[in-house]
Amino acid sequence: MKTIYQLYFLVFVAASSLAQQTGVALPPKPPAVTPKVAKVDRGAAYYHYALAHMYEDQWAVYARSDLASKAIDEYRLAIESDPESEYLNSGLAELYAKTGRIRDAVQEAQDILKRDPNNLEAHKLLGRIYLRSLGDLQSGSGSESVLKAAIEQYEQILKIEPDNSDDHLLLGRLYQLNKDLRKAETEFKTAIKLQPDSEEAITTLALLYNDEGDAARAAETLSSVPDSARSGKLYSALGYTYEQQKNYKKAIEAYQHAIELDRENLDAIRGLADNLLNDGQQMQLWSSIRSLPRPIPRTRRPTSA
């Protein structure tokens, strides 16, 4: 094989020498092939985007499938005019998700991330899709894979946008659902650090401690909120925490505060009843029941004489 290549080389050299002697030119080199660059026409892109947006708004009002199809077609035409526009690609992916074309939405968002791994809107769209799918699925291998996919997306979101308290709270709940309680606790604490007055983050962290059987830390977390800033929801969580400690009198007091702030808080009403029974205060239970607001009776239509 080596001899054959050497023979080819000698023939080539001889041919070149002969061409120089006789003045015969060798065949010209083929012209270099340059890749075609997609022509960008932002005027046309804007025109088709405006039509897509109009059809999308009409679809939101009338829920007609033909309007959704027209919006998708216009988005595609806009992207043809400006293929590198991540804004247009994200808009199409979002529209796919809104119209129930989940597979197309996921594919479009994944294609965006292949070109731009730090595209925040594409990560958020995938995160929302996986969360929605997680709610629709029952326990099983499918739900586990969707849960992991959702966690991956929100981890990426927080790498790009680390100071979003709500996203830390959401990722913490996903970790908790995945039984990764240490990571969940870290995310809840980060959410509180970013937004110290977030009642949602404080109560969620306290309930995590309750689930772990650490009612003392749960009570400490909830009690860190001043009395003047406590809502009915927070007092309910505090009542539940005292109940876990079997401190029924404090639980009763917390539930009473919760009902004072929110007379329709059914969880607090049930909690108060349970703890009055646990504390042996049956008479107080009946008194509390009688003091609860009565439903407003429906007015009957007067009958004709």
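Keep in mind that what you see is a predicted model, and the values were worked out from it rather than measured. (Residues numbered from 1 in each chain as written. Predicted model: local features only at pLDDT ≥ 70, side-chain atom pairs only at ≥ 80, totals over all residues. Heavy atoms only, no water.)

A. Region of interest: the overall build of the protein. Each helix and strand counted, the protein has 15 helices and 0 strands in total. Buried residues in the protein amount to 37% of all 305 residues. (Helix = DSSP H or I, 4+ residues; strand = E, 2+ residues; numbered from the N terminus. Buried < 20%, exposed > 50% of the residue type's maximum accessible area, 1.4 Å probe, protein only.)

B. Fine view of the side chain of Glu56. Along the chain, Glu56 turns up in helix α2 (residues 42-62). Residue class for Glu56 comes out buried when judged on its relative accessible area of 10%. Residues in contact with Glu56, not counting those within four places in the same chain, are Ala71, Tyr75, Leu95 and Lys98. (Contact = heavy atoms within 4.5 Å.)

C. Molecular detail of helix α11 (residues 215-223). Taken together, the buried positions of α11 are occupied by Ala215, Ala218, Ala219, Thr221 and Leu222. Summarising the axial view, the buried residues of α11 lie within an arc of 160°, below the 170-degree limit, and thus occupy one face. (Arc of directions from axis to C-beta.)

D. Representation of the pattern of salt bridges. A complete count under the given rule lists 20 salt bridges for this structure. Between Lys189 and Glu185 there is a salt bridge, and its shortest N-O distance comes to 3.1 Å. Separated by 4 residues within a single helix, Lys189 and Glu185 lie in helix α9 (residues 181-194), roughly one turn from each other. We classify Lys189 as partly exposed; its relative accessible area is 41%. (Salt bridge = Lys/Arg side-chain N within 4 Å of Asp/Glu carboxyl O.)

E. Quick look at the environment of Leu238. Within the secondary structure, Leu238 is located in helix α12 (residues 232-244). Between the alpha carbons of Leu238 and Ala206 there is a distance of 8.6 Å; along the sequence they are 32 residues apart. The residues touching Leu238, leaving out its near neighbours within four places in the chain, are Ala219, Leu222, Ser223, Arg230 and Ala254.

F. Focus on the packing of α11 against α12. In contact at an axis separation of 9 Å, α11 and α12 are set at 155° when each is read in the N-to-C sense. For the element pair α11 / α12, the angle class is roughly antiparallel. Taken as a pair, α11 and α12 cross one another with a handedness that is left-handed. On the side of α11, the interface is formed by Ala215, Ala218, Ala219, Leu222 and Ser223, while α12 contributes Leu234, Ala237, Leu238, Thr241, Tyr242 and Gln244. Taken together, the residues that form the contact of α11 with α12 break down as 8 nonpolar, 3 polar and no charged. (Axes fitted to C-alpha atoms, helices over the stretch in contact; angles between N-to-C directions. Parallel < 35°, antiparallel > 145°, perpendicular 65-115°, else oblique. Left-handed = near helix turned anticlockwise from the far one by under 90°. Nonpolar A, V, L, I, M, F, W, Y, C, P; charged D, E, K, R; others polar.)

G. The confidence of the model for the protein, seen in detail. Scored by pLDDT, the protein has a mean of 83; 78% of the residues are at 70 or more. At the level of individual helices and strands, the protein shows its lowest average pLDDT in helix α1 (residues 2-22), which scores 41, and its highest in α9, which scores 97. For residues 1-27, every residue scores under 50 in pLDDT, and the model assigns this stretch 3 contacts once sequence neighbours within four places are set aside. Predicted confidence for residues 295-305 stays below pLDDT 50, and this span has 0 contacts to residues more than four positions away or in other chains. (pLDDT = per-residue confidence, 0-100.)

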